[in-house]
Amino acid sequence: TGPEGNIFVGKIPQNVPTEKRLRIKVGDEVSSTFIVSDDVYTMAKDATLKFFGIQRSGNSESWFHGPSHTKDGGGAITTAGDTTSSFDASRAGSLAGGWYDCGDHLKESQTMAYAFMTLAVMHATNPGKDVDHYDYNQGEFVKTDGVPDVLREAKHGADFFLKAYEFAKGVVDDMPVSVGNFGSDHGWWGRPEAQDYLPTDNSSVATDRGGPAARIVRLGELGANISSDIAAGLAILSKDYAKYDKKFADSCLVVAEKMYAFAKDLAQGKTFKNNKTTFSSPAYNGNNEFTDDLALASVALLYATGKKDYADDMIRTTELFASQQIRDGAGFF
């Protein structure tokens, strides 16, 4: 009931060439190509980063698609579903950038913040493995940009969060980090660059396909966890990107410290107009545990600044927020 035949056993010699494409031939069968290398997992990293390139929104040199959703920021501003404005062409483009959530073209605070934080942490903890194989456009691998690829992709996320901070005029509670309407976006199945050209009149189901007017600007989707992830990523870039762009890195630190303070305020029960300690959206409404995110942000800010206050929050303060159950510090991180 199963396969039959001879089983061949062989040994791969220790002196096989490295950094070259190899195959194994057994009988008449030939394997797929493979490479023996100390940096073999870098290839997996490259493939992952090219997926980030596909997911990029805005005029972002994606190797896979053209500029897309370049009018983001012009849509109606909403808080918990309460729309307070209509499409404003003067704001169009102010929130271009970031990454798409999944198979749609929504930009969601939770997935963008987590992806951004993870990229920053990966670079900071494995700098020797973060090599420069690509330009910002990952279709270009001959003339590269001189910036490690994971770090450069993290900057793409940081650019969006800095735009959100500017949009909010420096008030963290007013930062819009989610863009798009669930219903209208899912009424469109096509390439992201085409959505900019869909009718801006979204008054009927027939035309409501996620065009510029349907790209609502959603407030109140930060929470203590999302804010902490963004703060952590920005803090890391404030140190690790300084050698490439000091002005950008300094901007990251300003926003990182403010977002961390905001996350602590939320965790400690302070009330704000838009955001609550817990975070939810129609797509993401998990358990909202923020302890690990807050702890990570304190680690990242200690890494970036060396300030004692962040070390206190990380390992010494036992009453950082109400009902703290962890015995040995902010997050026992």
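What you are looking at is a predicted structure, and each value in this text was computed from that prediction instead of being measured.

Caption draft 1: Broad picture of unusual backbone geometry. The phi dihedral of H69 is positive, around 50 degrees, even though this residue is not glycine. Examined against the element boundaries, H69 turns out to sit in the loop between α1 (40-55) and β3 (77-79). Of note in the backbone geometry, K169 takes a positive phi value of approximately 55 degrees without being a glycine. Turning to its location among the elements, K169 is positioned in the loop between α3 (149-167) and β5 (178-179). When its relative accessible area of 75% is taken as the criterion, K169 is described as exposed.

Caption draft 2: Quick look at α3. With 19 residues, α3 ought to run about 27 Å at 1.5 Å a step, and its terminal C-alpha atoms sit 28 Å apart, in line with that. Judged by how many residues are buried, α3 sits mostly within the fold: 16 of 19 residues are covered. A positive phi of about 55 degrees marks K169, the residue just after α3.

Caption draft 3: Molecular detail of the confidence of the model for the protein chain. On average, residues of the protein chain score 89 in pLDDT, and 93% of them reach the 70 mark or higher. The spread of mean pLDDT over the elements of the protein chain runs between strand β4 (residues 82-83), the lowest at 66, and α3, the highest at 98.

Caption draft 4: Representation of helix α2 (residues 109-125) in the model. Between the first and last C-alpha of α2 there are 24 Å, a value that for 17 residues agrees with the 24 Å anticipated at 1.5 Å per step. For α2, the set of buried residues is S109, M112, A113, A115, F116, M117, L119, A120, V121 and H123. Buried residues along α2 sit in contact with α1, α3, β5, α6 (223-240) and α8 (291-305).

Caption draft 5: Quick peek at the packing of α8 against helix α9 (residues 308-316). Axis separation between α8 and α9 bottoms out at 8 Å; the angle between their running directions is 150 degrees. Considered as vectors, α8 and α9 are oriented roughly antiparallel to each other. In this structure, α8 meets α9 at a crossing whose hand is left-handed. Each of S298, V299, L301, L302 and T305 in α8 lies in contact with α9, whose residues at this interface are Y310, A311, D313 and M314. Split by residue class, the contact of α8 with α9 holds six nonpolar, two polar and one charged.

Caption draft 6: View of the environment of Q14. In this fold, Q14 is placed in the segment before β1 (25-26). On a C-alpha basis, the gap between Q14 and V147 in space is 35 Å, while along the polypeptide they are 133 residues apart.

Caption draft 7: Just the nonpolar core, in detail. In terms of nonpolar packing, the biggest core is built from 62 residues, with M175, L222, I230, L234, L237 and M259 touching the most fellow members. Those elements that provide at least two residues to this core are α1, α2, α3, β6 (217-219), α6, α7 (246-267) and α8. Filtering out sequence-adjacent residues up to four positions away, L237 remains in contact with F116, A120, L151, A154, K155, A158, A242, F248, A249 and C252.

Caption draft 8: Quick peek at the pattern of salt bridges. One pass over the structure, following the stated rule, counts 14 salt bridges. Its salt-bridge partner being K45, residue D46 comes within 3.3 Å of it at the nearest N-O pair. For the pair formed by D46 and K45, the shared burial category is buried. Note that E257 is salt-bridged to K307, the shortest N-O span being 3.0 Å. Note that E257 is positioned in helix α7 and K307 in the loop between α8 and α9, a separation of 50 residues in sequence. Take K307: its relative accessible area is 40%, and that puts it in the partly exposed class. If you follow the salt bridges from partner to partner, you end up with D72, K107, D185 and R215 in one network.

About the thresholds
- Residues numbered from 1 in each chain as written.
- Predicted model: local features only at pLDDT ≥ 70, side-chain atom pairs only at ≥ 80, totals over all residues.
- Heavy atoms only, no water.
- Helix = DSSP H or I, 4+ residues; strand = E, 2+ residues; numbered from the N terminus.
- Buried < 20%, exposed > 50% of the residue type's maximum accessible area, 1.4 Å probe, protein only.
- Expected span 1.5 Å × (residues − 1).
- pLDDT = per-residue confidence, 0-100.
- Contact = heavy atoms within 4.5 Å.
- Axes fitted to C-alpha atoms, helices over the stretch in contact; angles between N-to-C directions.
- Parallel < 35°, antiparallel > 145°, perpendicular 65-115°, else oblique.
- Left-handed = near helix turned anticlockwise from the far one by under 90°.
- Nonpolar A, V, L, I, M, F, W, Y, C, P; charged D, E, K, R; others polar.
- Core = buried A, V, L, I, M, F, W, Y, C linked by side-chain atoms within 4.5 Å.
- Salt bridge = Lys/Arg side-chain N within 4 Å of Asp/Glu carboxyl O.

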